[in-house]
Each structure stands twice: as structure tokens, then as C-alpha cells.
Number of protein chains: 2
Amino acid sequence: MNSYTRPNDMTWTAAEKKLARRIFEKAFESECATIVAEVKRMIANAKAPSDIWRVHDYLSEQREAVDRIYDYRYSVLIRVFARLLRDGWLTEADFAGLGQEKIDRIKLVATL
Amino acid sequence: MNSYTRPNDMTWTAAEKKLARRIFEKAFESECATIVAEVKRMIANAKAPSDIWRVHDYLSEQREAVDRIYDYRYSVLIRVFARLLRDGWLTEADFAGLGQEKIDRIKLVATL
């Protein structure tokens, strides 16, 4: 036994859960906004109406990726936040209010 | 035996095939243009970026419907054109240049 706390053993206080949900939603909406911008760009640059099916292909791919990443279970949330931090959808400032141990863990996992 | 020609027994001349392809593409692009307009409307009226997934659902449904209808095999083309005529994607004028027997058959099937 040692003092190491595995990410999925971390407990989340009610306040942290509320904040975590907000952080999660913020990243999700940011990522969706980027997808919306790309869809608009694709539609604006379309040569024919049937190019809309390329938009559908693009959305199918993005949805699969987004569904894979955005998993709101506390057992995986540190890893999810680490991924979103690494990919630039969140910054360290977004985590203010979470326990320091969680923030440190998120930053550590983001570097792995 | 009688003189009735079943739609999938009709022969298509080279000129008719060329025209049929143009008619088919015209209806397809018209239908896609309507879908594009609806997508633009949905994006303009979206309350949150994540509403983009409703656009994806809509496109998935439409693609399934469009794929089902737009079947360019000569054995089913009369029925496809009849359907597109009935649904307003084509008008009788679009068929000018096809043999009269085919036009009559398309109009008949459209009423069934």
C-alpha cells in the first residue's frame, strides 16, 4: 500500500461535481462550435448541392470522435480533462476550483 | 402474351440514357438543395453549438431516404421517375425527349 491515489479512486465533492460538469460542457460546446464553423465553411465552398453528403460524412466522423472523448464518468474524468487540456479545448485556468490533487493529476496525465 | 411492355423490359436508346441521366441528376441536385436549405435554417436557429448533432441526425435520415429513392438502374428507372414526378422533384416537361411510351408509363405509375 502507498499513498498514491489512482484517478478513478478520487472522490469528487458536490461542489467539484458541479464545477466538473460546467468544465465538461464548456469544452464540449467549444469543440462543437469549431465543428459548426467547419460545416459552415464546407457549405459556403460547396460546388453542388450534393456536396452536402460530404458534410454528413464529416459530421459522422466528428460525432464518433466526440462521443469517444466526452465520457462523463468520474472514474475516467481526470483522463478526459487531461485529454481536453492537451488538445487545447480547456486551459489550466478552467480547472480553478477543483482540488489541487485533481489539477496536478490532470496536468500530469496531459503530458503522458 | 400481350402487347403490354413491363417497365423493366423497356429498352433505352443511347440518347434516352443520356437524357435520363440528366433528368436523374437534376432531381437529385434539387432535392439536395432543399436539404442544404434546411441545414442552413437549422444552423441559423441553433440555440447551442451542440445542436449540430440534430443536423447530423437530420442528414442521416435524409441520406437514407435519398439513397433509397435514387436508384439509377434502367430496370427501375420508370418507377423512380414516377416517384420523383409525384413528389414534385420533376415535372412532365423534364421528360421531353424520352419516348412517348416511357412518358406515359411514368405518368401512369405516378398516379398509382
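All values derive from a computational prediction rather than experimental measurement.

Q: Break down the overall build of chain A for me, citing the residues and quoting the values.
A: The helix and strand inventory of chain A stands at four helices and zero strands. In sequence order, chain A lays out its α and β elements as α-α-α-α. Relative to its length of 112 residues, chain A is extended, with a C-alpha radius of gyration of 17 Å against a globular reference of 13 Å. Viewed in the frame of its principal axes, chain A has a C-alpha envelope of about 65 × 25 × 25 Å. Put simply, chain A has 112 residues, and 20% of those count as buried. A separation threshold of at least 6 residues defines the contact pool for chain A, and within that pool the share at least 24 residues apart is 71%.

Q: Tell me about helix H2 (residues 52-69) of chain A, and name the residues and values.
A: The first and last C-alpha atoms of H2(A) sit 26 Å apart over 18 residues, in line with the 26 Å expected at 1.5 Å per residue. Within H2(A), burial applies to Ile52(A), Val55(A) and Leu59(A). Buried positions in H2(A), seen along its axis, are confined to an arc of 40 degrees and lie on one side of it. Exposed and facing more than 90 degrees away from the buried side of H2(A) are Arg54(A), Asp57(A), Glu61(A), Glu64(A), Ala65(A) and Arg68(A). Here the buried face of H2(A) lies against helix H1 (14-45) of chain A together with helix H1 (14-44) and helix H2 (52-69) of chain B.

Q: So what's going on with the relation of the copies chain A and chain B? Residues and values would help.
A: At an RMSD of 0.0 Å, chain A and chain B line up after a rotation of 180 degrees and a shift of 0.0 Å along the axis. Such a combination of rotation and displacement between the chain copies is what one expects of a two-fold axis. Using C-alpha coordinates, one finds that chain A approaches the rotation axis most closely at His56(A), a distance of 3.2 Å. Same-surface contact between copies: 100% of interface residues of chain A are shared with the interface of chain B.

Q: Give a detailed account of the interface of chain A and chain B, specifying residues and quantitative values.
A: Each partner contributes residues to the interface: chain A has 19 residues there, and chain B has 19 residues. Contributing elements (two or more residues each) for the side of chain A that touches chain B: H1 and H2 of chain A. The element contributing the most residues to the side of chain A that touches chain B is H1(A), with nine residues. Among the residues making up the side of chain A that touches chain B, the classes are represented as 13 nonpolar, three polar and three charged.

Q: So what's going on with the packing of H1(B) against H2(B)? Residues and values would help.
A: Packed helices, taken two at a time, are described by the angle between their axes plus the distance between the axes. Residues and elements named next belong to chain B. Running from N to C, H1 and H2 cross one another at 170 degrees; their axes reach a closest spacing of 10 Å. It follows from the interaxial angle that H1 and H2 lie roughly antiparallel. In this structure, H1 crosses over H2, and the sense of that crossing is right-handed. Contact residues: Glu31, Ile35, Glu38, Val39, Met42 and Ile43 in H1; Arg54, Val55, Tyr58, Leu59, Gln62 and Val66 in H2. When grouped by side-chain class, the residues that make up the contact of H1 with H2 number eight nonpolar, one polar and three charged.

Q: Pulling in residues and values, what's your account of the nonpolar core?
A: With 15 residues, the main nonpolar core has Ile23(B), Phe81(B), Leu84(B), Leu85(B), Leu90(B) and Ile106(B) as its most contacted residues. The residues touching Ile23(B), leaving out its near neighbours within four places in the chain, are Phe81(B), Leu90(B), Asp94(B) and Phe95(B). If you look at the next biggest cluster of nonpolar residues, it comprises 13 residues, including Ala20(A), Ile23(A), Val80(A) and Trp89(A).

Q: Pulling in residues and values, what's your account of the packing of H2(A) against H2(B)?
A: Running from amino to carboxyl end, H2(A) crosses H2(B) at an angle of 125 degrees, the nearest separation of the two axes being 10 Å. Classed by the angle they form, the pair H2(A) and H2(B) counts as oblique. Where H2(A) crosses over H2(B), the two elements pack in a sense that is left-handed. On H2(B), the residues that touch Trp53(A), Val55(A), His56(A), Leu59(A), Ser60(A) and Arg63(A) of H2(A) are Trp53(B), Val55(B), His56(B), Leu59(B), Ser60(B) and Arg63(B). A per-class count over the contact of H2(A) with H2(B) returns six nonpolar, four polar and two charged.

Q: Would you mind going over the confidence of the model for chain A in detail, with residue names and values included?
A: Predicted coordinates in regions of low pLDDT should not be interpreted in detail. The pLDDT averaged across chain A works out to 93; a share of 93% of its residues lies at or above 70. The complex model carries a pTM of 0.87, and its ipTM stands at 0.86.

Q: Tell me what's going on with the environment of Asp57(A), and back it up with residues and numbers.
A: Relative to the elements of secondary structure, Asp57(A) occurs in helix H2. Distance from Asp57(A) to Leu90(A), taken between C-alpha atoms, is 27 Å for residues 33 residues apart in sequence.

What counts as what
Residues numbered from 1 in each chain as written. Chains lettered and ligands numbered in written order. Predicted model: local features only at pLDDT ≥ 70, side-chain atom pairs only at ≥ 80, totals over all residues. Helix = DSSP H or I, 4+ residues; strand = E, 2+ residues; numbered from the N terminus. Rg over C-alpha atoms; globule rule 2.2 N^0.38 Å. Buried ≥ 20, exposed ≤ 12 C-beta atoms within 10 Å, placed from the backbone. Contact = placed C-beta atoms within 7 Å. Expected span 1.5 Å × (residues − 1). Arc of directions from axis to C-beta. Least-squares fit on C-alpha atoms with pLDDT ≥ 70 in both. Nonpolar A, V, L, I, M, F, W, Y, C, P; charged D, E, K, R; others polar. Axes fitted to C-alpha atoms, helices over the stretch in contact; angles between N-to-C directions. Parallel < 35°, antiparallel > 145°, perpendicular 65-115°, else oblique. Left-handed = near helix turned anticlockwise from the far one by under 90°. Core = buried A, V, L, I, M, F, W, Y, C linked by C-beta atoms within 7 Å. pLDDT = per-residue confidence, 0-100.

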